[in-house]
Amino acid sequence: MVAPALRGEHEVQITPSLRGTLSIQNAQGQTQGKLRRGDPFFLVFRLHNTGDTTLIIGPSPSLGYYIDFVSSQSEPDFFSVTQITPGNPVGTLIRNSFSPASGGQYRPLLLPARTQAEWRSPWQGSVGQQYRWPVYTPATSVGISRVYARYSPNPGPLAAGFYRSMFILGVGNRRAQFSITFQVK
């Protein structure tokens, strides 16, 4: 098997005023492509709106229903990891799954002008642990962050090998794919 190129960060320019970055970071917040077994790490996704208008992120309102792209129903691959294994072109999926803590469906995400929204999740954590996502900088009341909870099964430490994390983000009629590859030694 040929090892994938290690890429601990992937940035996509989605529209002229919107870009997203998916990365894997160590406990100190530094992007890494190689980790040691048992090292704590974070999956981090950031959206940057550099424009002058608020953007709608997620399923189109014309579909008649509203679900955040971070919910397990609309983007099941968000913050999941696939182990790349010899002889298995698909790999082995390892989920790091979250669902809305309120149990309800939310409207698509609003990303105000000149704002960054960040989702930062430690790979391991206890079932039921809650996260307020996204975190906006600068802080804003237009884009409301929501509470998500980690649900079972909780992923364990990753074994030595190569891994990929990827998902697709829908913004209006555009679909942007984010993908990172990393190694655990």
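Our subject is the structure listed above.
Residues numbered from 1 in each chain as written. Predicted model: local features only at pLDDT ≥ 70, side-chain atom pairs only at ≥ 80, totals over all residues. Heavy atoms only, no water.

Undergrad: Got a minute to help me understand the packing of aromatic side chains in this structure?
TA: Centre-to-centre distance and the angle between the planes together describe a pair of aromatic rings. Scanning all chains against the criterion turns up 17 aromatic pairs. Centroid distance Phe45 to Phe78: 6.2 Å. Interplanar angle 85°. Geometry classified as edge-to-face. Of this pair, Phe45 sits in strand E4 (residues 41-49) while Phe78 is found in the loop between strand E5 (55-57) and strand E6 (81-85), placing the two residues 33 residues apart along the sequence. Residue class for Phe45 comes out buried when judged on its relative accessible area of 0%. (Phe/Tyr/Trp six-rings, centres within 6.5 Å; stacked < 30°, edge-to-face > 60°. Helix = DSSP H or I, 4+ residues; strand = E, 2+ residues; numbered from the N terminus. Buried < 20%, exposed > 50% of the residue type's maximum accessible area, 1.4 Å probe, protein only.)

Undergrad: How do you make sense of the pairing of strand E1 (residues 9-15) when you look at a structure like this?
TA: On a regular strand, one side chain projects to one face of the sheet and the next to the other, so that they alternate. Across six bridges, the pairing between E1 and strand E2 (residues 18-26) is antiparallel. Bridge pairing in E2 places His10 opposite Leu22. The hairpin formed by E1 and E2 contains two residues between the paired strands. (Pairing = 2+ DSSP bridges.)

Undergrad: Even after reading the chapter, I still don't get the pattern of salt bridges, so can you show me in this structure?
TA: As a working rule, side chains carrying opposite charge can pair if their charged atoms are close by. Per the counting criterion, the structure on display carries four salt bridges. Between Glu11 and Arg19 there is a salt bridge, and its shortest N-O distance comes to 3.3 Å. On the basis of relative accessible area, Arg19 is assigned to the partly exposed category, the value being 25%. A salt bridge links Asp52 to Arg114; the nearest nitrogen and oxygen atoms lie 2.4 Å apart. (Salt bridge = Lys/Arg side-chain N within 4 Å of Asp/Glu carboxyl O.)

Undergrad: When you look at the sheet that holds strand E11 (residues 130-133) in this model, what are you seeing that I'm missing?
TA: Hydrogen bonds along the backbone pair up the strands of a sheet, which may run parallel or antiparallel. The strand order across the open sheet built from three strands is E8-E13-E11, with neighbouring strands paired in antiparallel fashion. Of all the strands in the sheet, the pair left with one neighbour each is strand E8 (98-100) and E11. Recorded for the sheet is a direction-independent mean angle of 35° between the axes of neighbouring strands. (Axes fitted to C-alpha atoms, helices over the stretch in contact; angles between N-to-C directions.)

Undergrad: Hey, could you run me through a nonpolar patch on the surface in this one?
TA: Where nonpolar side chains cluster on the molecular surface, the patch consists of Ile56, Leu110 and Val142 and spans about 230 Å² of accessible area. Topologically, Leu110 is positioned in strand E9 (residues 109-111). (Patch = residues over 30% accessible without salt bridge, like charges linked within 9 Å, V, L, I, M, F, W, Y side chains within 5 Å. Areas by Shrake-Rupley, 256 points an atom, 1.4 Å probe, with all protein chains shown as cover.)

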